[in-house]
Amino acid sequence: MALQTLVHFGKRLLRVKVVNCNTEDSRLSRCLNTFDLVALGVGSTLGAGVYVLAGAVARENSGECSSACSVLQVSGPDASLLPVGPAIVLSFLIAALASVLAGLCYAEFGARVPKTGSAYLYSYVTVGELWAFITGWNLILSYIIGTSSVARAWSATFDELVGKRIELFCREYMSMKAPGVLAEYPDMFAVLIIVILTGLLAFGVKESAMVNKVFTCINVLVLLFMVISGLVKGTLKNWQIDPEEVLGANHSSNSSVNLTDVVPDRESLGQGGFMPFGFSGVLSGAATCFYAFVGFDCIATTGEEVKNPQRAIPIGIVASLLICFVAYFGVSAALTMMMPYYLLDSNSPLPVAFNYVGWGGAKYAVAVGSLCALSTSLLGSMFPLPRIIFAMARDGLLFSFLARVSERKAPITSTVCAGVMSAIMAFLFELKDLVDLMSIGTLLAYTLVAACVLVLRYQPEQSQAYGMTSSQEDADLMDGISVPSMGILPGIEERWSFNTVFFPDNPEPSVLSGSTVNVCASVLGLLILVFSVLAVQGGTAHWSLICLGVIFVLCLFLVFIIWRQPESKTKLSFKVPLLPFIPVISMFINVYLMMQLDRGTWIRFSIWMAIGFVIYFCYGIHHSVEATLARSSPGTEMSDFKNDRDSEDRMPEKESFLHHGLDAREDDDGDL
């Protein structure tokens with residue numbers, strides 16, 4: 001009896017969502033096009049950090065990068081890392097490639113499930129309700145902290161331009177004396193910014209997208225000016241610096257090397273040349289630069305507000321990442337060509353560099369670009385937050401009143417709620433200690449989306465369809481060692497054996513091959529977690545290296561088994577190439593970066609998750625829409641088999657989920 005109760009409870013936690021992928025069925029306004037999504041992705045990803053991060057990483061890739069990373073909305077790994085020098089361009093290239101892996105996985109799900117919810121929804125339709133809630137709950141925290149931190153950064157940047165009058169006034173009349181808990185003073189201007197943005201988002205998504213496009217275009221034009229002028233005034237000699245010549249120039253007035261007030265030491269110069277600190281410096285810089293590309297996932301939350309989501313979302317994600325890489329690459333190249341890497345300023349690299357080449361007036365263009373970048377970054381953080389809350393409330397996992405929609409088809413209640421929470425955070429907290437929590441939420445979402453793509457592409461079509469109705473049907477069918485094949489003649493059964501696992505005869509996925517991928521993906525995820533923990537904590541000890549080698553070989557073995565299984569032939573407007581390698585590499589990168597976060601961040605993460613579990617187990621698990629649908633099926637329990645009538649009613653939705661790609665949208669082929 002106890003075992004049955006436990007199994008029944010487990011089924012409730014792992015039930016998956018039934019998705020009606022009819023793009024015409026939406027409670028929100030479909031008014032966005034592909035250009036709107038590209039502008040949203042570029043604006044959210046290409047924040048003010050582009051004006052700071054390149055100099056911080058090239059000069060001092062360590063604690064001084066924290067301010068740059070906080071402007072980027074997320075904080076990088078808490079580790080003492082090497083400087084990079086001119087090879088910062090390679091760091092951005094590696095970071096961009098790593099980000100593209102996650103972006104491709106998001107793009108496939110955007111084509112497969114064109115609904116509001118991003119990684120939360122993708123987890124819900126694949127791995128179950130509990131994982132979906134964990135993902136959505138962490139995305140909410142990430143976007144709240146992101147909105148609040150960028151609002152305070154916007155306030156501080158504007159205050160700097162007016163002589164810090166706002167800060168002086170607040171310190172004198174509104175000081176809060178609670179060090180370590182609250183900020184030194186409440187940031188009223190940041191609250192005002194969030195209130196204005198909340199009103200804009202509540203008014204309508206079309207108007208918000210227009211404002212975002214204006215600021216994004218200004219930001220891109222400013223960056224284009226920076227890159228062109230920097231390349232004109234720069235010289236490749238700064239990529240070929242000889243440390244001996246530089247050190248000698250500071251003791252001899254006859255040298256052709258520019259003299260400066262700062263006398264560099266041997267350690268800050270490294271070996272000179274393009275990679276003064278070797279390839280290890282490039283990799284350490286790439287770990288920090290990876291966070292510069294966080295933000296494109298906000299595009300995935302617009303599934304019900306885009307006119308053609310199956311086409312627009314994949315294009316928007318890939319195009320925005322490409323544009324951001326070109327911008328980061330160009331700025332870092334121009335910066336390191338204008339000024340020697342050992343003289344770069346970690347806090348204001350571009351104004352100092354332009355002053356170095358005699359163009360001091362360019363600092364005003366940098367100020368304008370920074371404010372525009374902060375504005376688009378703020379909108380990019382605030383825009384997806386109400387939509388995640390709306391999606392979770394509509395599914396019954398959060399309170400139902402948060403799913404109300406205004407007459408203009410905007411998620412009004414969730415928008416106001418998101419604005420209030422973000423304003424309170426910006427008003428009271430400094431957020432420096434909380435910014436690492438954003439990394440956990442974002443990286444967890446990236447990991448789950450990659451895992452979901454890996455699993456879903458190897459499932460049989462009939463199994464996928466029924467998976468949308470009951471997450472346990474396949475498990476029930478798999479009782480015992482043999483299962484009926486879905487692509488073989490009736491009466492013939494598949495059995496687990498060496499041949500069926502490594503040399504499957506069926507060109508189409510079967511229940512056996514799908515279950516094999518499920519098991520391998522689960523074990524692979526666990527091995528990646530253990531590998532990352534050992535790599536971060538074990539150091540270079542012999543036992544650690546031996547364990548890492550064994551785990552790596554096991555991972556390769558599991559990837560080989562997955563690769564041998566037949567792939568689903570379902571047509572979509574976009575598919576991740578090179579399966580299963582791209583999702584697996586993406587999972588490894590994301591988990592490894594998560595393990596680099598400090599202990600305090602994980603403690604705060606545990607507290608936030610405890611609050612979320614209280615809400616889920618006291619409210620969400622009982623009010624879930626999927627639970628209500630299961631209870632309404634006569635003669636069944638919560639997650640058991642649905643009756644024939646219910647299955648027939650859901651069949652159009654299942655078929656829509658599986659076949660709504662290019663087969664269902666042939667008219668779009670010409671546009672592609």
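Everything below is about the structure printed above this text.
How each quantity is defined
Residues numbered from 1 in each chain as written. Predicted model: local features only at pLDDT ≥ 70, side-chain atom pairs only at ≥ 80, totals over all residues. Heavy atoms only, no water. Salt bridge = Lys/Arg side-chain N within 4 Å of Asp/Glu carboxyl O. Helix = DSSP H or I, 4+ residues; strand = E, 2+ residues; numbered from the N terminus. Buried < 20%, exposed > 50% of the residue type's maximum accessible area, 1.4 Å probe, protein only. Contact = heavy atoms within 4.5 Å. Core = buried A, V, L, I, M, F, W, Y, C linked by side-chain atoms within 4.5 Å. Patch = residues over 30% accessible without salt bridge, like charges linked within 9 Å, V, L, I, M, F, W, Y side chains within 5 Å. Areas by Shrake-Rupley, 256 points an atom, 1.4 Å probe, with all protein chains shown as cover. Expected span 1.5 Å × (residues − 1).

### A few points about the pattern of salt bridges
Here's step 1: One pass over the structure, following the stated rule, counts twelve salt bridges.
Here's step 2: Across the pair Arg-457 and Glu-108 runs a salt bridge whose closest N-O atoms are separated by 2.6 Å. On the criterion of sequence distance, the pair formed by Arg-457 in the loop between helix H19 (435-456) and helix H20 (461-467) and Glu-108 in helix H5 (residues 88-112) is long-range, its members being 349 residues apart.
Here's step 3: Assessed through its relative accessible area of 1%, Glu-108 is described here as buried.
Here's step 4: Each of Glu-108, Arg-112, Arg-457 and Glu-567 takes part in a single network of salt bridges with overlapping partners.

### Structural notes on the environment of Gly-85
Here's step 1: Tracing the chain through its elements places Gly-85 in the loop between helix H4 (65-71) and H5.
Here's step 2: Take Gly-85: its relative accessible area is 0%, and that puts it in the buried class.
Here's step 3: Along the sequence, Gly-85 and Trp-239 sit 154 residues apart, while their C-alpha atoms lie 8.4 Å from each other.
Here's step 4: With residues near it in sequence (within four places) discarded, Gly-85 still touches Ala-58, Pro-276, Thr-336 and Tyr-341.

### Some thoughts on the nonpolar core
Here's step 1: Formed by 182 residues in total, the largest nonpolar core has its most connected members in Tyr-51, Phe-92, Tyr-106, Phe-109, Ile-140, Phe-293 and Leu-398.
Here's step 2: Broken down by element, this core gets its largest block of residues, 17 residues, from H19.
Here's step 3: Each residue touching Tyr-51, except ones within four places of it in the same chain, is listed here: Asn-219, Val-222, Leu-223, Pro-349, Leu-350, Val-366, Gly-369, Ser-370 and Ala-373.

### Side note on a nonpolar patch on the surface
Here's step 1: The grouping of Met-210, Val-214, Phe-215, Ile-218 and Val-368 at the surface amounts to a nonpolar patch, some 390 Å² of accessible area in total.
Here's step 2: With four residues, helix H10 (residues 205-233) is the largest single contributor of residues to the nonpolar patch.
Here's step 3: Mapped onto the elements, Ile-218 comes out in helix H10.
Here's step 4: On the accessibility criterion, Ile-218 (33% relative accessible area) is partly exposed.

### Considering helix H24 (residues 542-564)
Here's step 1: Here H24 contains 23 residues, and its C-alpha end-to-end distance of 34 Å stays within 8% of the 33 Å for a straight helix at 1.5 Å per residue.
Here's step 2: Listed in full, the buried residues belonging to H24 are Ser-544, Leu-548, Ile-551, Cys-555, Leu-558, Val-559, Ile-561 and Ile-562.
Here's step 3: On its buried face, H24 sits against H19, helix H22 (498-502), helix H23 (511-537) and helix H25 (581-595).

### Examining unusual backbone geometry
Here's step 1: In this model, Leu-579 is joined to Pro-580 through a cis peptide bond whose omega is 0 degrees.
Here's step 2: Tracing the chain through its elements places Pro-580 in the loop between H24 and H25.
Here's step 3: At Lys-164, a residue that is not glycine, the phi angle is positive and equals roughly 60 degrees.
Here's step 4: Mapped onto the elements of the fold, Lys-164 is located in the loop between helix H7 (129-161) and helix H8 (165-173).
Here's step 5: With phi around 60 degrees, Lys-409 is a residue other than glycine that occupies positive phi space.

### Concerning the side chain of Ser-586
Here's step 1: Checked against the element boundaries, Ser-586 lands in helix H25.
Here's step 2: Using a relative accessible area of 1% as the deciding quantity, one classes Ser-586 as buried.

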